[in-house]
Amino acid sequence: MNAIFKREFLSFFRSMTGYIFVGLNLVVFGLYFSVYNLYQGIPTISYALNGMSFIFLITVPVITMRVFAAERRDKVDQLTLTSPVSVGRIVLGKYAALACCYFCVIAVMAVSPLVLRLFGKVSLRENYTALLGMLLYGLALLAIGLFASSLSGNLIVSAVVSFLLIFAGYISQSFASTFSLTGPLAKVFKWYDFITPLSDFLSGSLSLRHVVYFLSVIMVCLVLTTQIILKRRYNVSRKQLSLSAFSFVTLVAVAAVAVLGNFAMAKVPAKAAVFDMTAEKYYTLNDKSKKLLKSLDKDVTIYCMAKESSLTYDYEITLKKTLEQYQAASDHIKVKYVDPDKNPTFASRYTSEDLSTGSLIVVSGKRSKVIPVDDLYKSSVDYTTYSQKISGYDIEGQVSGAIYYLDAKDLSRIYLLSGHGEPELDATFKRALEKINAETADLNLLKNDKIPSDASAVLIFGPQSDLSDDDVKKLESYVSGGGRVFVALDVMKNSSLTNLRKFLKDQGIATTDGAIAETDENYYYQSPYLLLPEVKSTKATSDVTGTLQVIIPYSVGLSKTGDKGFKYMNLAVTGKKAIAKNSQSSDDLTAAVSDSQAKIKKEGNDTQGRYSLGLISKKGKGWVAAFGSAYAFTDSMNQVVSGRNETLFSDVFSYILPEESGKSLNIPAKSISQETLTVSAKVIKVYGFFFGIFIPVLLIACGIVVVVYRKRR
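Let us look at the structure shown here. Keep in mind the model is a prediction, meaning the values are calculated, not measured.

Turning our attention to the overall build of the chain. The number of helices and strands found in the chain is 24 helices and 24 strands. Counting only C-alpha atoms and orienting by the principal axes, one finds that the chain spans roughly 110 × 60 × 40 Å. Buried residues in the chain amount to 51% of all 713 residues. Considering only contacts in the chain between residues 6 or more positions apart, those separated by 24 or more positions represent 77%. Element-wise, carbon and sulfur atoms account for 56% of the exposed surface of the chain, whose accessible area totals about 33,200 Å². Of the charged side chains in the chain, 78 are positive and 61 negative, and the gap between their average positions amounts to 14 Å.

Here's what the structure looks like:
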């Protein structure tokens, strides 16, 4: 076997075949690596690997078509057929030579993540998981090419058969999905699908199921090749060999082992067979979700309104993997896929809405909760194309919230104060309250003698006119009795809200007259009035702690009054040299905001220092949470920071809601916006040239030199 391996491996590099195989694979990888990783600064090579996967349709037939077919064409296979070495060893030796050629390609690719680490934060675990998938994918295709080479003595026929077999595995998933294949034919296409397993590796999921699948493909192809050669050896050496040399039983046994092995792996729980290797843990459930599922004692069914095989985009694959994690985490959770084409009336049992593909319906007993597909993903505007793009996954937050909702006996009830020109709360933030199992209702104090007794909290959101003395008395009575109030101010109207500001002061929170402007560039975005505060590490802000996490635009400054009896929690603060523009009118502020180049300086009544932009005060059982800006809790500002303002909003509400008002659960969305690498134009040229041109050209040049030298000898 060693002799066969050495002879075969050297033969690849004594001709142009090996050099073309290695060089062509690397030149395509180098081009994608330069574009995605160096030019665009993407910190994972999975994009480059996915882009180059098609090149195997060409390179694998090129290197495998000669292995057996050339020997048969040149009539030198008689030595193989009559050799005392077993056919299995011959096949393994030749396959090992092919694998070593491919290892040369993988070895060069393996250097690229280390190169990327020079320019920023790179997850080696995620990158090398993707590379492992590409290794197994390539080895499986080489086994298929080797099998195709054993079928004929014609090189063209071998290459075409190899191409067709690989192409079938390349398009099988999309073909079955496009034509909505069902029944046995659909299962055949599903079994012979190379791209879905590869995509899982590229997305950072290390699946032992897919490892077994690729290994079983390799095993079946090598056994088929061995049996074909055995049959030909039997025909050549009929007198020495018995009919048992070519065994149909062997083929059936190997196929059975492959099928049973894959079937057994499919039954292994996801937590033991699939490992999340992504840096952001996209497919791993939060500790809050695990605790919830561990304590769950009710049966819950999650219906996904889609045909499972049709969910092929990256975000849809993430949805499937997340649902798989739920099912694996609890015996009480069942996931079922409902094809709307086959069962168009199913959703009408639970909702009158027209649900889009991928929407979820979570059901427990007679209670249910519908999660539209748009709520499962966070989106932001891509200003290069001016189109919406997915920027985060809120699958876990929505599903765990729905399970919590179905398990809760009582729901929180939040009243939105009205009657003072309050703007309507954007849909994103209303859904954030629903996510923590809070119902909302309007509250006009002019029509109510007091705050309703079932109020878990009152939200005062950007009133445009002042509260009456009677309104303030009702709020004070509510807070003194243990009530919770959340206030978000509008800086444009702040100076005229005398009673509301007095209410806040009586609750231990003082406000500035004017807007806060930053003088430190590290604390603002584009304009000194678009504040990027430091979010303090507290129980109410644990998901967004740090700088550059949230944006609080056009904000009033807050501070502690220092009155006795109050306990405070500082949520977000400005830099040390922020200026409260107390001498600035609302018209002046509007003009200043439009001039991003305006220099900020202290004038007249202005004061300078560090201000709170979010502050919680507590006295007795009453709580007041105040934010200097209602604009922070709008869809437009929320998208600037990929949904983190919404996380802050729901985190604070989850914290201040009284425990007796019912269960609440808040799990933040997982951002998919990666930290891009900073690569200079010079470095892009150097490394792009090295990976995309220098190495491949050097290899092909070496091949030409070797071939010319051997011909002249």
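A few words now on the packing of helix H2 (residues 16–39) against helix H7 (residues 87–116). At a closest axis distance of 10 Å, the pairing of H2 and H7 adopts a crossing angle of 20 degrees. It follows that H2 is roughly parallel to H7 by the angle criterion. The way H2 lies across H7 gives a crossing that is right-handed. Counting all contacts with H2, which are made through Phe21, Val22, Asn25, Leu26, Phe29, Phe33, Asn37 and Leu38, the residues of H7 involved are Cys101, Tyr102, Cys104, Val105, Val108, Met109, Ser112 and Leu116. Grouping the constituent residues of the contact of H2 with H7 by class yields 13 nonpolar, three polar and no charged.

Bringing unusual backbone geometry into the picture now. A positive phi angle, near 55 degrees, is found at lysine 281, a position not held by glycine. Following the sequence through the fold, lysine 281 ends up in the loop between strand S2 (274–276) and helix H15 (287–295). Phi is positive for tyrosine 554, close to 45 degrees, though the residue is something other than glycine. Take tyrosine 554: it is sitting in the loop between strand S17 (552–553) and strand S18 (556–560). Residue class for tyrosine 554 comes out buried when judged on its relative accessible area of 19%.

Between its terminal C-alpha atoms helix H8 (residues 124–149) stretches 37 Å, which fits the 38 Å expected from 26 residues at 1.5 Å a residue. Judged by how many residues are buried, H8 sits mostly within the fold: 22 of 26 residues are covered.

Taken as a whole and judged by the stated rule, the model has 32 aromatic pairs. Judged by centre distance (5.8 Å) and plane angle (55 degrees), the rings of phenylalanine 346 and tyrosine 350 are tilted. Judged by relative accessible area, phenylalanine 346 falls into the buried class, the value being 4%. One residue, lysine 321, lies across the ring of tyrosine 283, its end atom 4.4 Å from the ring centre. Taking NZ or CZ as reference, lysine 369 lies 5.0 Å from the ring centre of tyrosine 405, over its face.

Definitions and limits used
Residues numbered from 1 in each chain as written. Predicted model: local features only at pLDDT ≥ 70, side-chain atom pairs only at ≥ 80, totals over all residues. Heavy atoms only, no water. Helix = DSSP H or I, 4+ residues; strand = E, 2+ residues; numbered from the N terminus. Buried < 20%, exposed > 50% of the residue type's maximum accessible area, 1.4 Å probe, protein only. Contact = heavy atoms within 4.5 Å. Areas by Shrake-Rupley, 256 points an atom, 1.4 Å probe, with all protein chains shown as cover. Lys, Arg positive; Asp, Glu negative; His and termini not counted. Charge placed at Lys NZ, Arg CZ, Asp CG, Glu CD. Axes fitted to C-alpha atoms, helices over the stretch in contact; angles between N-to-C directions. Parallel < 35°, antiparallel > 145°, perpendicular 65-115°, else oblique. Left-handed = near helix turned anticlockwise from the far one by under 90°. Nonpolar A, V, L, I, M, F, W, Y, C, P; charged D, E, K, R; others polar. Expected span 1.5 Å × (residues − 1). Phe/Tyr/Trp six-rings, centres within 6.5 Å; stacked < 30°, edge-to-face > 60°. Lys NZ or Arg CZ within 6 Å of the ring centre and 35° of its normal.

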